[in-house]
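Structural overview for review
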2 protein chains.
Amino acid sequence: MSHSTTRRNVLRGTVATAALAATAAAARTEAAYAAPHGGATGPNIGILLYDGYSLLDPTGPAEVLSRLPDATVTMIAEKRGAVRTDTADVAVVAERSIAEVDRLDVLLVPGAGNRGTTGAMNNQVLLRWIRKIHRHTRWTTSVCTGSIVLAAAGLLDGREATTYWASADYLQSTFDVTYLPQRYVRSGKIITAAGVSAGMDMALYLASLVADEDTARAIQLAVEYDPQPPFDSGNASDASPRLKQRALQLLAASQV
Amino acid sequence: MSHSTTRRNVLRGTVATAALAATAAAARTEAAYAAPHGGATGPNIGILLYDGYSLLDPTGPAEVLSRLPDATVTMIAEKRGAVRTDTADVAVVAERSIAEVDRLDVLLVPGAGNRGTTGAMNNQVLLRWIRKIHRHTRWTTSVCTGSIVLAAAGLLDGREATTYWASADYLQSTFDVTYLPQRYVRSGKIITAAGVSAGMDMALYLASLVADEDTARAIQLAVEYDPQPPFDSGNASDASPRLKQRALQLLAASQV
């Protein structure tokens, strides 16, 4: 049997949903470009990229949230174009500039290394845009040190939040924020996630709020999120000082 | 205290490693551009992008593998430039074309929806490049339906492998491959991962092979990979037919 004869059957069951797919695909293509200006039929989700973000922070949640019915996920930055990660090896394209986006149902602010986080928290243009967008969002969210950027924008005053484990002291000592060592923390319409990979857990929770639990569970299966890491070293509260130092050294060494 | 006065302290402990970071950062910038031609001091990791890949498949492993000491992660495609995901909403930049890359220590082939997977498995130029690179890799890896692309390139003949849960029957019925329902499967120097998010688990395992377990554990902490999904619906073997159908419908509807 040649591959091309089976091209419609790579995913079991998709023949059954082919018609749906075709229709929906057409709708998606429309939505993908109309959405930043409010034309989407589903949730209009914007992810803010800035120089030096950590790659998984925006992409993990984008993978999950893009499966919400009729959702549009738009990468946004101060200017359109490629935005590089903390390692400078990888770039994701910002499809819209902040000047082009004035309304979002969901805003997600990713985290970054030292350089990227401090750059964003001192960028008054970005902070003003975050404050403006937040006024009308249904959900304003962050991953990793993105919560420090939200705090710098003044959105976390007097709130409980989480952040990257190594940034918890900084968050609490610098802002009027109570740090909670959880994978994600909801405070009103603001949801902050812990470091990097915690954005996946937060995004599934967010999916259940934006849609419903049944949809969120279907998305979890769609991305086969049944985590089985080969090691159990991801929780800082169980980590030795030596392992923490090694983790921070690897991060520092990988970042430009 | 103003933010800028604390700009070096967003991550606790990074002051201690600042010198290291500076040195390493310089080395990284060199490596990032020399690597595809073999100039890197650490592992030279290449991730193949093609139209319609699923965003988390390349980016989850890239986040993990980019923290390996002196590692270089390069996004590669048939041509340089932005490569769009299955939803068409997001694009990651391919920094190198396949014509520019003839040696890699690690090759990773991501998965995609029907359109992207069938497109890649029928692209003889891509398949030839995969076979050529595989001859000299230390590790050849895939995520999700990327294993179907490896199979189409003839690399999985007579081997055990895994893939996306909904593609297992297709993989086994189309190729001489024995499917194992595991998060990742190692067969010689080939490691295949299950769907989408399984690339994270595979990447940590791969990190322990490329470096060592202590380094992999430090990377797990560096990306705070202590997964706590709010639901337990990520394993297809526990899922109802209704949930599976809903998951495939959400996927089909989100893809262009």
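Note that the structure is a prediction, hence the values are computed from the model and not measured. (Residues numbered from 1 in each chain as written. Chains lettered and ligands numbered in written order. Predicted model: local features only at pLDDT ≥ 70, side-chain atom pairs only at ≥ 80, totals over all residues. Heavy atoms only, no water.)

Positive phi, normally seen in glycine, also occurs at Glu224 of chain A, with a value near 45°. Note on Glu224 of chain A: relative accessible area 9%, which makes it buried. For Val196 of chain B, which is not a glycine, the phi torsion comes out positive at approximately 40°. Among the secondary structure elements, Val196 of chain B is positioned in the loop between β11 (190-193) and α7 (198-210). (Buried < 20%, exposed > 50% of the residue type's maximum accessible area, 1.4 Å probe, protein only. Helix = DSSP H or I, 4+ residues; strand = E, 2+ residues; numbered from the N terminus.)

Before going further, it helps to examine helix α8 (residues 213-222) of chain A. An α-helical turn contains 3.6 residues, so any two residues separated by three or four positions project in the same direction. Of all the 10 residues making up α8 of chain A, 7 are buried; the element is thus mostly covered by neighbouring parts of the structure. Residues Thr215, Ala216, Ala218, Ile219, Gln220, Leu221 and Ala222 of chain A constitute the buried set of α8 of chain A. Considering only its buried residues, α8 of chain A is in contact with α2 (56-65) and α7 (198-210) of chain A together with α9 (241-254) of chain B. Looking at where α8 of chain A begins, the residue whose side-chain oxygen comes 3.1 Å from the main-chain nitrogen of Asp214 of chain A is Asp212 of chain A. Looking one or two places after α8 of chain A, you find Glu224 of chain A, whose phi comes out positive at around 45°. (Contact = heavy atoms within 4.5 Å. Polar contact = N/O pair within 3.5 Å; in protein donor to acceptor, adjacent residues only side chain to side chain.)

Between chain B and chain A, the residue contacts involve 116 residues of the former and 116 residues of the latter. Buried surface at the junction of chain B and chain A, both sides included, amounts to about 10,100 Å², of which 57% is carbon and sulfur. Inspection of the region where chain B meets chain A yields 8 salt bridges. The closest approach of N and O atoms between Glu95 of chain A and Arg84 of chain B, which form a salt bridge, is 2.8 Å. For the side of chain B that touches chain A, the element with the highest residue contribution is α9 of chain B, accounting for 13 residues. Residues that form the side of chain B that touches chain A fall into these classes: 58 nonpolar, 36 polar and 22 charged. (Buried area = accessible area lost by both parts, 1.4 Å probe. Salt bridge = Lys/Arg side-chain N within 4 Å of Asp/Glu carboxyl O. Nonpolar A, V, L, I, M, F, W, Y, C, P; charged D, E, K, R; others polar.)

Let us look at the pattern of salt bridges. On inspection of all chains with the given rule, the structure shows 18 salt bridges over all chains. Two residues, Arg67 of chain A and Glu63 of chain A, come together in a salt bridge whose shortest N-O distance is 2.5 Å. Both residues of the pair, Arg67 of chain A and Glu63 of chain A, count as buried. In the salt-bridge network here, residues are joined through shared partners; they are Glu63 and Arg67 of chain A together with Asp86 of chain B.

Bringing the relation of the copies chain B and chain A into the picture now. Turning chain B through 180° and shifting it by 0.0 Å along the axis lays it on chain A, with an RMSD of 0.0 Å. Here the copies are linked by what is in effect a two-fold axis. The rotation axis passes nearest to the C-alpha of Val92 of chain B in chain B, at a distance of 2.2 Å. Mapped onto chain A, 100% of the interface residues of chain B are again interface residues, and the two copies thus contact each other with one and the same surface. (Least-squares fit on C-alpha atoms with pLDDT ≥ 70 in both.)

With that settled, consider the side chain of Thr85 of chain B. Mapping Thr85 of chain B onto the fold places it in the loop between β3 (81-84) and β4 (91-94). Non-local contacts of Thr85 of chain B, meaning those with residues more than four positions away in its chain, are made with Gly52, Tyr53, Leu55, Val90 and Arg115 of chain B.

So, about the packing of aromatic side chains. Residues and elements named next belong to chain A. Applying the stated criterion across every chain, the model contains 6 aromatic pairs over all chains. Consider the rings of Tyr184 and Tyr205, whose centres lie 4.8 Å apart with planes at 15°: the pair is stacked. Of the two residues, Tyr184 sits in strand β10 (residues 184-187) while Tyr205 sits in helix α7, which places them 21 residues apart along the sequence. (Phe/Tyr/Trp six-rings, centres within 6.5 Å; stacked < 30°, edge-to-face > 60°.)

Turning to the sheet that holds strand β5 (residues 96-97) of chain A, a few remarks are in order. Residue and element names in this part refer to chain A. Across the sheet, which stays open at both edges, the 7 strands sit in the order β5-β2-β1-β6-β7-β11-β10 with mixed pairing between neighbours. This sheet does not close on itself; its edge strands, each paired only once, are β5 and β10. Relative to strand β11 (residues 190-193), strand β7 (residues 139-142) runs parallel, the two sharing 3 bridges. In the strand pairing of β11, Thr141 is matched with Ile191. (Pairing = 2+ DSSP bridges.)

Looking now at the packing of α7 of chain B against helix α8 (residues 213-222) of chain B. Residue and element names in this part refer to chain B. Two elements in contact, α7 and α8, have axes separated by 7 Å at closest approach and are oriented at 145°. Here α7 and α8 pass one another in a crossing that is right-handed. Contact with α7, carried on its side by Leu204, Ala207 and Ser208, involves Glu213, Ala216, Ile219 and Gln220 of α8 and no other residues of that element. When the residues that make up the contact of α7 with α8 are grouped by side-chain class, the tally is 4 nonpolar, 2 polar and 1 charged. (Axes fitted to C-alpha atoms, helices over the stretch in contact; angles between N-to-C directions. Left-handed = near helix turned anticlockwise from the far one by under 90°.)

With numbering aligned to this structure, UniProt lists the feature "domain: DJ-1/PfpI" (unreviewed entry) at residues 45-206 of chain A. Along residues 45-206 of chain A, the helical share is 32% and the strand share 26%, with 11 Å between the first and last C-alpha atoms. (UniProt positions renumbered as here; feature names shortened; annotations may be inferred.)

Running from N to C, α2 of chain A and helix α2 (residues 56-65) of chain B cross one another at 150°; their axes reach a closest spacing of 9 Å. You can see that α2 of chain A and α2 of chain B cross each other, and the crossing is left-handed. Between α2 of chain A and α2 of chain B, the contacting residues are Leu56, Thr59, Gly60 and Glu63 of chain A on the first element and Leu56, Thr59, Gly60 and Glu63 of chain B on the second. Grouping the amino acids of the contact of α2 of chain A with α2 of chain B by side-chain chemistry returns 2 nonpolar, 4 polar and 2 charged.

Residues and elements named next belong to chain B. Under the 1.5 Å per step criterion, the end-to-end length of α7 is 18 Å for 13 residues, consistent within 8% with the ideal 18 Å. By the criterion of burial, α7 is predominantly enclosed, with 12 of the 13 residues buried. Among the residues making up α7, those that are buried are Ala198, Gly199, Met200, Asp201, Met202, Ala203, Leu204, Tyr205, Leu206, Ala207, Ser208 and Val210. (Expected span 1.5 Å × (residues − 1).)

Here we come to the environment of Leu104 of chain B. Residues and elements named next belong to chain B. Topologically, Leu104 is positioned in the loop between β5 (96-97) and β6 (106-109). Between the C-alpha atom of Leu104 and that of Trp139, which follows or precedes it by 35 residues, the distance is 8.9 Å. The contacts of Leu104, once residues within four sequence positions are left out, are Asn44, Ile45, Gly46, Ile76, Trp129, Ile133, His136, Thr137 and Arg138.

Moving on: the confidence of the model for chain A. The share of residues in chain A with pLDDT of 70 or more is 85%, and the mean pLDDT across the chain is 90. Below a pLDDT of 50 lies the segment residues 1-8 of chain A, which in the model reaches 16 contacts outside its immediate sequence neighbourhood of four places, other chains included. (pLDDT = per-residue confidence, 0-100.)

Another point: the nonpolar core. Within the largest apolar cluster, 174 residues are counted, with the highest numbers of intra-cluster contacts made by Trp129 and Ile130 of chain A together with Trp129 and Ile130 of chain B. Excluding anything up to four places from it in sequence, Trp129 of chain A contacts Leu48, Ile76, Ile98, Val101, Leu104 and Leu107 of chain A. (Core = buried A, V, L, I, M, F, W, Y, C linked by side-chain atoms within 4.5 Å.)

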